[in-house]
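An overview of the molecular structure
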Amino acid sequence: MGLPLAMRAVEVGYHVLGIDLDSTRAESLAAGISYVEDVSSEELQRALKSGRFQPTTEYAQAEGFDIAVITVPTPLRDTLPDLSFIEASASSIAPMLTKGATVVLESTTYPGTTEEVLVPLLEEGSGLIGGRDFHVGYSPERIDPGNKVWGFVETPKIVSGIDSTSLTKIKAFYDKLVRKTVPVRSPKEAELAKLLENTFRHVNIALVNELAIFANQLGVNVWDSIDAAATKPFGFMKFTPGPGVGGHCLPVDPSYLSWQVRRTLGQTFRFVELANDVNDHMPDYVVQRSIEVLNDQSKSLRGSRVLLAGVSYKKNTGDNREAPAARIIELLTGYGARVVATDPHVPEAQWPKGIERVSLSPDEVAASDLVILVTDHDAFDYPMLAKNAKTVLDTRNRVKKSSETVYTL
Ligand SMILES: NC(=O)c1ccc[n+]([C@@H]2O[C@H](COP(=O)([O-])OP(=O)(O)OC[C@H]3O[C@@H](n4cnc5c(N)ncnc54)[C@H](O)[C@@H]3O)[C@@H](O)[C@H]2O)c1
């Protein structure tokens, strides 16, 4: 999240210090090699050439900064929110804080983090008072990796501050970077807005996933029903079933919200828990369907060669963090299947361990007892797949059903 923001800030004229404690990443950036799909190496090299972008691992170089934006990870540790990266970053920024500077948190987190965690750490390490001496706020990141229509500049940005001066400063900063800013009354509302956006998607995906399972048992084509429902011009938003959710957002963010509700109110956020349960079990359902479709061909999973097409969590990206493919592979292997996989986007360093990487060629497809389409990358040749495969389990409804050997979820 930090890199696209940094590139845009350089583009509009800011001098940007890009701090990452991971020295491999900082070195790669300094060498003009981007590891972020939405930022090309050419764009990065332009920023470096301008002399206004400097990658580093050293917070000390931030001495006298005007604006600091925190975009560190907010994962779960043992199913609980892990704010240690925000805390570490805040403690490193604090000694560099001077009067009049501004700090913005962008990492996704539960309501209250900016005021209850970030501000005290900044005050403690700087001896200054938030609001009086320096400005603080929260502005959630909304980048959708791979989205060619809604990029960083085009997507409206929610902004907030711990007081009106902080809000004014933060809004002015982002007004230079994006087309539209959306001020909200305090950081808590901004933090909750981000969790609402992701929980909304998580819950709706769970709804169509569960529907897909029941529709299959009822002999109804759920994809046709969803497409038909989506013709309603109001009051309906289209979500499609799949093999499970992945990435850094959906499997993680809603749990920040349910954790806070449980911790603060002692209540269960039932929608989130239910959505987690349904989405977490989709890989099990994919494998159950694999057993069924092979059974239809008088075959068993044990001993079958299964080709997974796509191991990233999202089409046209190489991000396979928390991707359902990992669990599908684990389950298939457990049943004794011989699993191979193909994905043009996932780099070697992130490739699932012990799984042979093959190309999606007619020979590889024909040599497999079952091809499971897990991620519907545009780069795949779907007519070739349908023509050559013995059996296909299409979890995305992308291989048009041209024969009796193509099955959907
Ligand atoms: N990836 C997305 O699509 C997306 C979308 C919206 C919001 N977010 C949120 O943005 C935040 C960052 O996500 P990301 O995908 O960019 O994560 P990432 O892991 O790709 O990048 C975070 C970087 O922070 C570095 N880092 C860790 N601790 C540090 C520290 N103390 N100081 C400096 N650098 C440090 C890491 O080395 C890493 O390179 C998360 O809260 C995430 O939920 C992500």
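Notes on the structure follow. All values derive from a computational prediction rather than experimental measurement.

Helix and strand counts for the protein chain stand at 14 helices and 15 strands. A globule of 409 residues ought to have a C-alpha radius of gyration of about 22 Å, and the protein chain, at 23 Å, matches this closely. C-alpha extents for the protein chain along the principal axes are approximately 75 × 50 × 40 Å. Taking all 409 residues of the protein chain together, the buried fraction comes to 49%. Sequence separation of 24 or more characterises 68% of the internal contacts of the protein chain that already satisfy a separation of 6 or more. For the protein chain, the accessible area works out to roughly 19,500 Å², and carbon and sulfur atoms hold 53% of it. On the protein chain, the mean spot of the 42 positive side-chain charges and the mean spot of the 52 negative ones are 4 Å from each other.

The final tally for this structure, using the stated rule, is 20 salt bridges. Of the charged contacts, one joins E115 and K188 as a salt bridge, the two residues approaching to 3.6 Å between their closest N and O atoms. One end of the pair, E115, is in helix α5 (residues 113-126); the other, K188, is in helix α7 (residues 187-218), and 73 residues separate them in sequence. We note a salt bridge from R327 to E330, for which the minimum N-O separation is 3.0 Å. Here R327 pairs with E330, and both are found in helix α12 (residues 324-334), just three residues apart, close to one helical turn. Relative accessible area serves as the criterion here: at 34%, R327 is assigned to the partly exposed category. Linked by salt bridges that have partners in common, K315, D376, D378 and R398 make up one network.

Right, let's get into the nonpolar core. The biggest cluster of nonpolar side chains holds 33 residues, and the ones touching the most others in it are F65, I93, L97, V103, Y110, L118 and L122. Only β3 (67-70), α4 (84-93), β6 (102-105), α5, β7 (135-138), α7 and α9 (253-265) provide two or more residues apiece to this core. Looking at which element gives the most residues to this core, the answer is α5, with five residues. Excluding anything up to four places from it in sequence, L122 contacts A90, I93, A94, L97, V103, F134 and V136. In this structure, V287, V346, W351 and I355 belong to the second largest nonpolar core, which totals 28 residues.

Mapping S304 onto the fold places it in the loop between α11 (282-296) and β10 (305-309). Among the residues examined, S304 registers a relative accessible area of 4% and is labelled buried. Not counting residues up to four positions away in its chain, the partners in contact with S304 are L294, A337, R338 and D369.

We now examine the pairing of strand β11 (residues 338-342). Walk down a regular strand and you will see the side chains alternate between the two sheet faces. Of all five residues that make up β11, four are buried, and the element is covered over most of its length. Viewed along the sheet, the connection from β10 through α12 into β11 turns out right-handed. Looking at chain direction, β11 and strand β12 (residues 356-357) are connected through two bridges and run parallel. The residue bridging V340 from the neighbouring strand is E356, located in β12.

Analysis parameters
Residues numbered from 1 in each chain as written. Predicted model: local features only at pLDDT ≥ 70, side-chain atom pairs only at ≥ 80, totals over all residues. Heavy atoms only, no water. Helix = DSSP H or I, 4+ residues; strand = E, 2+ residues; numbered from the N terminus. Rg over C-alpha atoms; globule rule 2.2 N^0.38 Å. Buried < 20%, exposed > 50% of the residue type's maximum accessible area, 1.4 Å probe, protein only. Contact = heavy atoms within 4.5 Å. Areas by Shrake-Rupley, 256 points an atom, 1.4 Å probe, with all protein chains shown as cover. Lys, Arg positive; Asp, Glu negative; His and termini not counted. Charge placed at Lys NZ, Arg CZ, Asp CG, Glu CD. Salt bridge = Lys/Arg side-chain N within 4 Å of Asp/Glu carboxyl O. Core = buried A, V, L, I, M, F, W, Y, C linked by side-chain atoms within 4.5 Å. Right-handed = clockwise from strand over helix to strand, strands pointing away. Pairing = 2+ DSSP bridges.

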